[in-house]
Amino acid sequence: MNTELEKPPLLLRYFHKYYKSIDDGLIKDTIEPFTEDDVRELRRFERGAFIRAALAGALTGLAVAVGALVVDYVDALGDNHITRFILNYPEVFITIIAILATIAEIVYLYVLAVRTIHELSERTEKTRLATIQDQSWEFDLTRLALEIPFSTDPVFGINPMREASPLKSLMIGLAYKAKISISSFVAKALVKRVLGRSAARSIIELATVPIFAVWNALIFVWVLRKVRMVLIGPRLIRELALLAFPNSDYTPNNDGFQESMATALGVLIVQKGELHPNAAMLLDYLMQSIELKEEKISDKREVLYEKISRLNPQDQLRLFRSCLLAAVLDGNYKKREEKLLADIATKLNLEWSTAEVKRYANSLKKSGWITDESLRKQMTGLFHSAHIKGTDTAK
């Protein structure tokens, strides 16, 4: 399923082209188990990427510190038009150095991110079928590398932004971008307080070196955590399909369940405010494998409640259990999803544990790479954690 805009942003198009240039485009149309050896190998590879990202940040801070050192000792460099410029405009000189170093750092980090994510994709390609290795998949991975939000465009009649607040999204983005600047400002202020205002500029700037390094490493950890969710997405979808559609062909035995499942996913997408690649894959599976028509699904709660009211109790339970898994496909579980699930459970007279869903979402997001055996065990446990009131939880 291609959920991309016809003309993606220029930066995304450029780095997607770069991604394609280092990709062989080959993937076997088979699925192999994901083992402990695979987990260890990927973790070792990630640690190397974290170190390189931290070094890039440290070098940026060091470059600015060197610029400040030149300002502090410019008299030793003689008298020429460059040193006169530095003497007259010391802050401008340091700013120029900082801008050039930051540009070099950003370019390097983007290239490092694209190459790292591509390598992780190559090392995990045995866990997915070739059918998902399309342009949309590669665009999603490139988006992650560039920290560009996922698509919010309507797809199959589902509008991810229908209930989202654009202002809130903007404020979250600005707060994230301001973290490094605020941290650097605080560090410089502390150095000035400890050493006094007479402290050399170079000493003050050196205080930011570890901050740049730490933030780069943390941002890379954050990005790769989201990458893992996308790369294990095909395995999540496969296990969800096996649990939700237990027949040999993974399809339910009535059209009402199919439509209710797709509509429930649409409503969950609206709660999250974006079309995560894993949700897109599940939606694509429902639309193509079960041959649903777009007009049969909706992203409105009232339509969902009306559809599930027609299901028999066992299909209602199976649908709700599937929603528990669908709600955490992106590794996030927040108040909006929790309220939706609580409303559905109340209407269907079901018992469930929001703490269990939250625990699983956190585990999925923070535990990193996970073997097929562990993933299956955790998803099965969450699936069967909900039950009809007054019945055995194992049923």
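Predicted model, so just to flag it, every value in this text is computed and none were measured. (Residues numbered from 1 in each chain as written. Predicted model: local features only at pLDDT ≥ 70, side-chain atom pairs only at ≥ 80, totals over all residues. Heavy atoms only, no water.)

Caption draft 1: Main features of the overall build of the protein. Check the secondary structure of the protein and you find 16 helices and two strands. A buried classification covers 49% of the 395 residues belonging to the protein. In the protein, the share of contacts with a sequence separation of at least 24, taken over all contacts with a separation of at least 6, comes to 83%. Taken as a whole, the protein presents about 19800 Å² of accessible surface, with 59% of it coming from carbon and sulfur. (Helix = DSSP H or I, 4+ residues; strand = E, 2+ residues; numbered from the N terminus. Buried < 20%, exposed > 50% of the residue type's maximum accessible area, 1.4 Å probe, protein only. Contact = heavy atoms within 4.5 Å. Areas by Shrake-Rupley, 256 points an atom, 1.4 Å probe, with all protein chains shown as cover.)

Caption draft 2: Region of interest: the packing of helix α8 (residues 209–231) against helix α9 (residues 233–244). Relative orientation of the contacting elements α8 and α9 amounts to 45°, with a least axis distance of 4 Å. Taken together, the axes of α8 and α9 lie oblique to each other. Across the interface between the two elements, Met229, Val230 and Leu231 of α8 pack against Gly233, Pro234 and Leu236 of α9. Of the residues belonging to the contact of α8 with α9, the class tally is five nonpolar, one polar and no charged. (Axes fitted to C-alpha atoms, helices over the stretch in contact; angles between N-to-C directions. Parallel < 35°, antiparallel > 145°, perpendicular 65-115°, else oblique. Nonpolar A, V, L, I, M, F, W, Y, C, P; charged D, E, K, R; others polar.)

Caption draft 3: A look at unusual backbone geometry. Phi is positive for asparagine 349, which is not a glycine, with a value near 60°. Tracing the backbone through its elements, the reader meets asparagine 349 in the loop between α14 (335–348) and β1 (350–351).

Caption draft 4: Layout of the packing of aromatic side chains. Inspection of the entire model under this criterion finds three aromatic pairs. A centroid spacing of 6.3 Å and a plane angle of 45° characterise the contact between phenylalanine 34 and tryptophan 369, whose relative ring orientation is tilted. One end of the pair, phenylalanine 34, is in the loop between α1 (10–21) and α2 (36–72); the other, tryptophan 369, is in the loop between α15 (354–366) and α16 (372–383), and 335 residues separate them in sequence. As far as burial versus exposure is concerned, phenylalanine 34 and tryptophan 369 are alike and both buried. (Phe/Tyr/Trp six-rings, centres within 6.5 Å; stacked < 30°, edge-to-face > 60°.)

Caption draft 5: Focus on the packing of helix α13 (residues 313–326) against α16. For the pair α13 and α16, interaxial distance at closest approach is 9 Å and the crossing angle is 135°. One way to sum up the angle between α13 and α16 is to call them oblique. Where α13 crosses over α16, the handedness of that crossing is right-handed. Residues Arg318, Arg321, Ser322, Leu324 and Leu325 of α13 form the contact with α16, whose participating residues are Met379, Leu382 and Phe383. Of the residues that constitute the contact of α13 with α16, the class distribution is five nonpolar, one polar and two charged. (Left-handed = near helix turned anticlockwise from the far one by under 90°.)

Caption draft 6: Structural context of the nonpolar core. Of all hydrophobic cores here, the largest spans 85 residues; its most connected members are Leu236, Leu240 and Leu282. Excluding anything up to four places from it in sequence, leucine 236 contacts Met229, Asn278, Leu329, Tyr360, Leu364, Leu375 and Met379. Val64, Ile86, Phe93 and Ile94 belong to the second largest nonpolar core, which has seven residues in total. (Core = buried A, V, L, I, M, F, W, Y, C linked by side-chain atoms within 4.5 Å.)

Caption draft 7: How the structure looks around the pattern of salt bridges. The final tally for this structure, using the stated rule, is 15 salt bridges. A salt bridge links arginine 40 to aspartate 37, with the shortest nitrogen-to-oxygen separation between them at 2.3 Å. Highlighted residues: arginine 40 and aspartate 37, both in helix α2, separated by three residues, approximately one helical turn. Note on arginine 40: relative accessible area 45%, which makes it partly exposed. The closest approach of N and O atoms between aspartate 330 and lysine 272, which form a salt bridge, is 3.1 Å. Placement of aspartate 330 in the loop between α13 and α14 and of lysine 272 in helix α10 (residues 255–272) is noted, with a sequence separation of 58 residues between them. According to the relative accessible area criterion, lysine 272 is partly exposed, its value standing at 23%. The structure contains a network of salt bridges with shared partners spanning Lys272, Asp330 and Glu337. (Salt bridge = Lys/Arg side-chain N within 4 Å of Asp/Glu carboxyl O.)

Caption draft 8: How the structure looks around the confidence of the model for the protein. With 71% of its residues at a pLDDT of at least 70, the protein reaches an overall mean of 77. Within the protein, helix α6 (residues 166–195) has the poorest average pLDDT of any element, 56, and β1 the best, 92. In the predicted structure, residues 2–6 sits below a pLDDT of 50 and forms eleven contacts with residues beyond four places in sequence or in another chain. (pLDDT = per-residue confidence, 0-100.)

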